[in-house]
Amino acid sequence: MEMGMVRLNEIRTNEVAIAPPQAEDAALVFIGRISTPWTSRLETPRQGRPDGPVCTIEIFEPWVAALKGVERFERLEVLYWLHHSRRDLVLQSPASNGEVHGTFSIRSPVRPNPIGTSIVVLEKIEGNRLFVRGLDCLDGTPLIDLKPDRALFKPIAPPQQGDFETGQVHMCKKIEG
């Protein structure tokens, strides 16, 4: 176990917590549940690995029919709710050295809306269960959504105007400094 790993609700040197506003503007439906070997954040890998252990994603009814065609993809993007994560840190010190980073500049599970995402390798599908490698979440994590890995996906719908736009758009340009 690493000495720098934060325990539940602990604040490291120079981290800043806020009182988050009352949540009222979104509702999620969990479409399944993820089974992994990890029951503690201290055991869970920081990033999933394509050669990691096989984990299971169970899809609940009525969403099972939405799996049609998923078997065509080698990799999937999995979105899940980090249900044990705190939601109040705006500055975090992941290295436990007092140097802080804004929550939106790191991939910490501590977020205002604790949505996790992993690109996984699809090993097989059996009924409503997908067997995958590459997850980095706790056993029992609620599933929000599944999508084909965008690097592998070719749109099925006819093209639309925005599909052909290229070049720099001022509002999307990275600002240096």
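Residues numbered from 1 in each chain as written. Predicted model: local features only at pLDDT ≥ 70, side-chain atom pairs only at ≥ 80, totals over all residues. Heavy atoms only, no water.

Considering a nonpolar patch on the surface
Taken together, the side chains of V16, I18, V90 and L91 define a hydrophobic patch exposed on the protein surface, amounting to about 260 Å² of accessible area. For L91, the location among the structural elements is in strand β5 (residues 89-92). For L91, a relative accessible area of 31% translates into the label partly exposed. (Patch = residues over 30% accessible without salt bridge, like charges linked within 9 Å, V, L, I, M, F, W, Y side chains within 5 Å. Areas by Shrake-Rupley, 256 points an atom, 1.4 Å probe, with all protein chains shown as cover. Salt bridge = Lys/Arg side-chain N within 4 Å of Asp/Glu carboxyl O. Helix = DSSP H or I, 4+ residues; strand = E, 2+ residues; numbered from the N terminus. Buried < 20%, exposed > 50% of the residue type's maximum accessible area, 1.4 Å probe, protein only.)

Describing the side chain of S108
On the secondary structure map, S108 appears in the loop between β6 (101-102) and β7 (115-126). At 3.0 Å, the side chain of S108 and the backbone nitrogen of V110 are in polar contact. (Polar contact = N/O pair within 3.5 Å; in protein donor to acceptor, adjacent residues only side chain to side chain.)

With respect to the pattern of salt bridges
Under the criterion given, the structure shown has 8 salt bridges. R133 is paired through a salt bridge with E123; the nearest N and O atoms lie 3.1 Å apart. Taken together, the positions of R133 in strand β8 (residues 129-133) and E123 in strand β7 put the pair 10 residues apart, joining distant regions of the chain. When its relative accessible area of 41% is taken as the criterion, E123 is described as partly exposed. The network of salt bridges with shared partners includes K124, E126 and R129.

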